[in-house]
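Overview (structure and organization)
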Amino acid sequence: ATPVAHTAPIRYPMVDMVDRRPLTLLDVIGHGQMAGNFEYVQVTAVSNNAAIVKENTQDTDPLKPTSDMTTVVADCKAYTFADGYEVTNQLLSDAPAFAAYMNTAVRYNLDTVIEDKILNGTGAQEPKGILKTSGVQEQTYTSAEGVMDIIKAVRRAKTKIARVGGTVQAILLNPEDQEEIDLLQDTEKRFYGQGPFGIGPNTLWGVPVITSEKITKGQ
């Protein structure tokens, strides 16, 4: 007559908890090959005037609408990024693990410079970066509410991209801004986000967040 104790069922999340390399800006940018410098047609402005029209039966009836596309001829130039270490054959033979580490360090050094030029390149003897390119979508904001203004600006920027038919792949923030977002608390001192013991993807408005020292705080 003694009731049998049953262990409460445990439901594990269907999520791979393996630690993975943090997402970087270069991970969300397409990679390809090119044979050298070339020119291409760059679209700078688009107007969509498509509409329903009735059949024209008289010369005075309006013409069918036409959309417009503004283009310029742009240059795509190849740049060489290089780095290396001076080592001896004996070192490479005696310490292969250290040689592998140096290869990893070279890759890291190159990616750091490439990421910086993608964002901040001036276009003079180096690529023109995203933040130095005019005519792109831009969302300005004030800092009256602190980090909350950044969160709202990100959401409004997401809408701007959607209105021109684009999709948001990632949000790029300075690590200090990401820290302030993670530390946001309500009046009961509860964290808005996952808190210090939470696990899972780092997102903002459902979009992956990437941090980089190459973008200034508050941008």
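What you are looking at is a predicted structure, and each value in this text was computed from that prediction instead of being measured.

Side note on the overall build of the protein chain
When helices and strands are tallied, the protein chain shows four helices and five strands. Ordered by position in the sequence, the α and β elements of the protein chain form the string β-β-α-α-α-β-α-β-β. For 219 residues, the compact-globule estimate of 2.2 N^0.38 gives 17 Å, and the protein chain exceeds it by more than 25% at 26 Å. If one aligns the C-alpha atoms of the protein chain with their principal axes, the spans along those axes are about 90 × 75 × 40 Å. Residue burial in the protein chain is summarised as follows: out of 219 residues, 16% are buried.

Thoughts on a negative patch on the surface
A contiguous patch of negative charge, built from E176, E179, D182 and E213, is present on the exposed surface. Looking at the element boundaries, E179 is found in helix 4 (residues 175-182). Judged by relative accessible area, which is 45%, E179 ranks as partly exposed.

Regarding the pattern of salt bridges
In a structure, side chains of opposite charge can pair up when their charged atoms sit close to one another. Enumeration according to the criterion identifies six salt bridges in this entry. The partner of D177 in a salt bridge is K217, with the nearest N and O atoms 3.6 Å apart. Residue D177 is located in helix 4, and its partner K217 is located in the segment after strand 5 (207-211); the two are separated by 40 residues in the primary sequence. For D177, a relative accessible area of 1% corresponds to the buried category.

Remarks on the side chain of S212
The residue S212 is located in the segment after strand 5 in this model. A polar contact of 2.5 Å, which involves the side chain of S212, links it to the side chain of E115. Reaching out from S212, the side chain makes a polar contact with the backbone nitrogen of K214 at a distance of 3.0 Å. Discounting residues that sit within four places of it in the chain, S212 has contacts with E115, L119, L172, L173, N174 and P175.

Quick look at the pairing of strand 5
Pairing analysis gives three bridges linking strand 3 (residues 171-173) to strand 5, with the strands arranged parallel. Bridged to I171 within strand 5 is V209. Here strand 4 (residues 203-204) runs beside strand 5; their pairing, made up of two bridges, is antiparallel. Along strand 5, the bridge assignment pairs T203 with P208.

So, the nonpolar core
Core analysis: the biggest nonpolar cluster contains 11 residues, these being V147, I150, I151, V154, I171, L173, I181, L184, L204, V207 and V209. Sorting the residues of this core by element identifies helix 3 (147-163), strand 3 and strand 5 as the ones contributing at least two each. In terms of residue count, helix 3 provides more of this core than any other element does, four residues in total. With residues up to four places along the chain from it excluded, the contact list for I181 reads V147, I151, L173 and L204. Counting residues in hydrophobic clusters, the runner-up holds five residues, among them L25, L119, I210 and I215.

Rules and cut-offs
- Residues numbered from 1 in each chain as written.
- Predicted model: local features only at pLDDT ≥ 70, side-chain atom pairs only at ≥ 80, totals over all residues.
- Heavy atoms only, no water.
- Helix = DSSP H or I, 4+ residues; strand = E, 2+ residues; numbered from the N terminus.
- Rg over C-alpha atoms; globule rule 2.2 N^0.38 Å.
- Buried < 20%, exposed > 50% of the residue type's maximum accessible area, 1.4 Å probe, protein only.
- Patch = residues over 30% accessible without salt bridge, like charges linked within 9 Å, V, L, I, M, F, W, Y side chains within 5 Å.
- Areas by Shrake-Rupley, 256 points an atom, 1.4 Å probe, with all protein chains shown as cover.
- Salt bridge = Lys/Arg side-chain N within 4 Å of Asp/Glu carboxyl O.
- Lys, Arg positive; Asp, Glu negative; His and termini not counted.
- Charge placed at Lys NZ, Arg CZ, Asp CG, Glu CD.
- Polar contact = N/O pair within 3.5 Å; in protein donor to acceptor, adjacent residues only side chain to side chain.
- Contact = heavy atoms within 4.5 Å.
- Pairing = 2+ DSSP bridges.
- Core = buried A, V, L, I, M, F, W, Y, C linked by side-chain atoms within 4.5 Å.

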